[in-house]
Amino acid sequence: MIIHDVPCPFCGCLCDDVSLVVEKNRIVGVENCCAIGNAKFLSKTRLKHPIIRRDGGWVEVSYEEAIDETAKILAESIRPLLYGWSGTYGEAQVVGVHLAEELGALIDSTTSVCHNPSILAIQEVGHPGTTLGQVKNRADLVIYWGCNPIEAHPRHLSRYTTYADGYFFENTVSDRKVVVVDIRRSEAAKIADEFIQVTPGGDYHVLSALRAMVRGRGDVVPGSVAGVKKEQLERLVALCMEAKYIGVFFGLGVSMTRGKYKNVRNAIELVSEISRKTKCTISAMRGHYNVYGFNEVLTWMAGYPFAVDFSRGIAFYNPGETTVIDLLERKEPDASLIIASDPGAHFPYSCNEHIASIPSIQIDPCVNATTALCRVQIPVAITGIEVAGTAYRMDGVPIRMKKVLETEYPTDQEILERIYAKVRELNGNG
Amino acid sequence: MTFILTTGRTVAQGSFIEHKISKGYQRATSLLFIHPMDLFCLGIESGDRVRVTGDAGEIVVTTEASEDVPEKTVFMALGPYANAITGGYTHSTGMPDYKEIPVSIEPTDDPVISVWDIMEKAGGVRYDHT
């Protein structure tokens, strides 16, 4: 059986044109997907039972025992941390926010260590954004800044930009120019019409120089800015001024380096400046397939997109203080629930040391680096393969994930609802 | 010798996302891309191992010559190896310095440890029943 138009549960592109060949409740073929999505759809290894750490090793336990242990740990903790959320669906995230409020917990998502600075910048100066469809059909100039879509979002170029047919073009590939700005000659840089190589940490300077040039004050720009010759910057400004529609996409090369959200703010202000002369939009290359969705869910429910602290009885948000890395560095949490993410592989070492030193629980289908740091792991159904739900693409468009296989694994939502009910019971609110 | 370490995604790292304990993931995330001239200055060849040390820690990884990185800049896929040298200081933004990390690099014969080894060093316990 071939199932068409399946959304891919890997990256923020959320490609919804994948075809799966399913035989005897197993995926045996994947069409129209990138290498990374392929690997995810065809992945076979996973944790088979809930596990708990006892006497220096691991033992298999029932779901009921794992859930009871989880609820007990969370209800007894003073400063619980609920982290992850980007690899699950919106309906489960909703239960997570309720659980955080019940516990007076801090809830944060992988946004905190990816596009958190981009959100801070957007909160300062707004977001001249767009949908990917607009870029696909209209953009005659695409700029990738501090990102490498060929390796991080492999189908971004073929679905939405460089190699995608646009409605308003006769020959999109020849009519569309691509510029890549990066500190190294990445795979994306190799296919660009113009590659601008910036010295590490130089993005802010280059953005400022471009802003001056777009404003007509190129005279104040020196001959070379952060390793980039002024002539090349002038060429880029000329390209922008000739373009009818510019789509700028930026990645963690902008948000994780020196300057953090100020880099992104500068990029947004450059886009606003260009928009006085022609049409220009800017979009973040979001990583997980539903990292954007958690920002939406938490904003609807608590008023803020990430790093919300319920310990005061109200939603409190102060990035730099209530963000997960700062919290772990201060060694504040005395228990943590980690879901749909893998901080063991992606957090600084010192943060992982603290996760390992407190009772931590992981809800995830697979054994991963975080497994070692936890006391309990509860395996669940895989969103987008074994359970349907809502996810948000990198441009904020909600897409319904499909269920293509039957499973006996419980869903994230079901496990969280059971933990929530148990915690309420232990708190005397049942 | 001192360098600037930067990290990012690679297809190899991404495709092992559900197999983080595998040898493949270990290899994908413990490769250090370095300019051939820098290898020459270190007196080693592509494939030799080096110890990378930053303010927050150190780790042994395998070199891979690449002219795509500029001299004095090295690249690794994001993952537990790069994070062993990443500090948790966020400049009050919530975001650690995952890119642009000053490091020193020296040749070594020490082995590249496994993902489980790194997690156990941090205080965890491996689960190798699968």
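Fair warning: this is a prediction, and the values are worked out from it, not measured in the lab.

Draft legend 1. View of the overall build of chain A. Along its length, chain A carries 19 helices and 21 strands. Scaling as 2.2 N^0.38, a compact globule of 430 residues should have a C-alpha radius of gyration of about 22 Å, and chain A matches this with 23 Å. When the backbone C-alpha atoms are referred to their principal axes, chain A occupies close to 70 × 50 × 35 Å. Among the 430 residues that make up chain A, the fraction classed as buried is 63%. Summarising the internal contacts of chain A: among those between residues at least 6 apart in sequence, 67% fall at separations of at least 24. When the accessible surface of chain A is summed, it comes to about 15600 Å², and 48% of that surface belongs to carbon and sulfur atoms.

Draft legend 2. Region of the structure containing the pairing of strand E6 (residues 80-84) of chain A. Residues and elements named next belong to chain A. Taking burial as the measure, the five residues of E6 include five buried ones, the bulk of the element. Note: E6 against strand E17 (residues 335-339), five bridges, orientation parallel. Each residue of the ladder has a partner; that of Pro80, found in E17, is Ala335. For E6 and strand E7 (residues 106-109), the ladder comprises four bridges, and the chain directions are parallel. Note that in E7 the partner of Gly84 across the bridge is Ser109. Where the polypeptide runs from E6 across helix H3 (residues 90-103) and back to E7, its parallel neighbour, the crossover connection is right-handed.

Draft legend 3. Molecular detail of helix H2 (residues 63-76) of chain A. Residue and element names in this part refer to chain A. With 14 residues, H2 should cover 20 Å at 1.5 Å per step; its first-to-last C-alpha distance of 20 Å lies within 8% of that length. Every buried residue of H2 is accounted for by Tyr63, Ala66, Ile67, Thr70, Ala71, Ile73 and Leu74. Burial along H2 is one-sided: seen end-on, the buried residues are contained in an arc of 165 degrees. Exposed side chains of H2 directed beyond 90 degrees from the buried face belong to Glu64 and Glu76.

Draft legend 4. Molecular detail of the pattern of salt bridges. All names here are of chain A. Counted under the stated rule, the structure contains 36 salt bridges over all chains. The partner of Arg159 in a salt bridge is Asp16, and the shortest N-O contact between them spans 3.0 Å. Taken together, the positions of Arg159 in helix H7 (residues 156-159) and Asp16 in the loop between strand E1 (2-6) and strand E2 (18-23) put the pair 143 residues apart, joining distant regions of the chain. Taking relative accessible area as the criterion, Arg159 reaches 16% and is therefore assigned buried. One salt bridge in this structure joins Glu273 and Arg276, with 3.5 Å as the shortest N-O distance.

Draft legend 5. Representation of the packing of H3(A) against helix H19 (residues 412-426) of chain A within the structure. Residues and elements named next belong to chain A. Taken N-terminus to C-terminus, the directions of H3 and H19 make an angle of 20 degrees; their axes are 9 Å apart at the nearest point. One finds that H3 runs roughly parallel with respect to H19. Here H3 and H19 pass one another in a crossing that is left-handed. Here Glu91, Ala92, Val95, Gly96, His98, Leu99, Glu102 and Leu103 of H3 lie close against H19, whose contacting residues are Asp412, Gln413, Leu416, Glu417, Ile419, Tyr420, Val423 and Arg424. Its residues assigned to classes, the contact of H3 with H19 shows eight nonpolar, three polar and five charged.

Draft legend 6. Structural context of the interface of chain B and chain A. Listed per partner, the contact involves 52 residues of chain B and 64 residues of chain A. Interface area for chain B against chain A, summed over the two sides, is near 4600 Å², with a carbon-plus-sulfur share of 62%. Between chain B and chain A we count five salt bridges in total. Among the ionic pairs, A:Lys40 bridges to B:Glu18, the shortest N-O distance being 3.5 Å. Along the contact surface separating chain B from chain A lie 19 residue pairs in polar contact (both at pLDDT 80 or more). Mapped onto the side of chain B that touches chain A, the elements with two or more residues apiece are strand E1 (2-8), helix H1 (11-15), strand E5 (73-77), helix H4 (80-83) and helix H5 (115-121) of chain B. Looking at the side of chain B that touches chain A, the element that brings in the most residues is H5(B), giving five residues. Broken down by class, the residue content of the side of chain B that touches chain A amounts to 22 nonpolar, 21 polar and nine charged.

Draft legend 7. Focus on the side chain of B:Arg51. All names here are of chain B. Within the secondary structure layout, Arg51 lies in strand E3 (residues 49-54). Look at Arg51 and you get buried, because its relative accessible area is 16%. Within the structure, the side chain of Arg51 is placed 3.1 Å from the side chain of Glu58, a separation counted as a polar contact. Here Asp110 takes part through its side chain, which lies 2.2 Å from a polar atom of the side chain of Arg51. Beyond its immediate sequence surroundings of up to four residues, Arg51 is in contact with Glu58, Ile59, Val60, Ser104, Ile105, Glu106, Thr108 and Asp110.

Draft legend 8. Molecular detail of the sheet that holds strand E13 (residues 245-250) of chain A. Residue and element names in this part refer to chain A. Here five strands make up an open sheet; going across it, the order is E10-E9-E8-E13-E14 and the pairing parallel. Each edge of the sheet is formed by a strand with only one pairing partner; in this case those strands are strand E10 (194-197) and strand E14 (279-284). Along the sheet, successive strands turn relative to each other by an average axial angle of 15 degrees, direction set aside. Looking at chain direction, strand E8 (residues 141-145) and strand E9 (residues 177-182) are connected through five bridges and run parallel.

Draft legend 9. Summary view of the nonpolar core. With 56 residues, the main nonpolar core has A:Phe347, B:Leu32 and B:Ile105 as its most contacted residues. Setting aside its immediate chain neighbours within four residues, A:Phe347 contacts A:Tyr83, A:Val113, A:Val324, A:Ile325, A:Leu328, A:Asn352, A:Ile355, B:Asn83 and B:Tyr98. By size, the runner-up hydrophobic cluster in this structure holds 41 residues, among which are A:Ala66, A:Trp85, A:Ile378 and A:Val387.

Draft legend 10. Main features of unusual backbone geometry. Positive phi, close to 75 degrees, is recorded for A:Trp85, a residue that is not glycine. Within the secondary structure, A:Trp85 sits in the loop between E6 and H3. Of note, the phi angle at B:His91 is positive, near 55 degrees, even though the residue is not glycine. Assignment of secondary structure puts B:His91 in the loop between H4 and strand E6 (101-107).

Criteria and thresholds
- Residues numbered from 1 in each chain as written.
- Chains lettered and ligands numbered in written order.
- Predicted model: local features only at pLDDT ≥ 70, side-chain atom pairs only at ≥ 80, totals over all residues.
- Heavy atoms only, no water.
- Helix = DSSP H or I, 4+ residues; strand = E, 2+ residues; numbered from the N terminus.
- Rg over C-alpha atoms; globule rule 2.2 N^0.38 Å.
- Buried < 20%, exposed > 50% of the residue type's maximum accessible area, 1.4 Å probe, protein only.
- Contact = heavy atoms within 4.5 Å.
- Areas by Shrake-Rupley, 256 points an atom, 1.4 Å probe, with all protein chains shown as cover.
- Pairing = 2+ DSSP bridges.
- Right-handed = clockwise from strand over helix to strand, strands pointing away.
- Expected span 1.5 Å × (residues − 1).
- Arc of directions from axis to C-beta.
- Salt bridge = Lys/Arg side-chain N within 4 Å of Asp/Glu carboxyl O.
- Axes fitted to C-alpha atoms, helices over the stretch in contact; angles between N-to-C directions.
- Parallel < 35°, antiparallel > 145°, perpendicular 65-115°, else oblique.
- Left-handed = near helix turned anticlockwise from the far one by under 90°.
- Nonpolar A, V, L, I, M, F, W, Y, C, P; charged D, E, K, R; others polar.
- Buried area = accessible area lost by both parts, 1.4 Å probe.
- Polar contact = N/O pair within 3.5 Å; in protein donor to acceptor, adjacent residues only side chain to side chain.
- Core = buried A, V, L, I, M, F, W, Y, C linked by side-chain atoms within 4.5 Å.

Shape descriptors only; they carry no functional weight alone.
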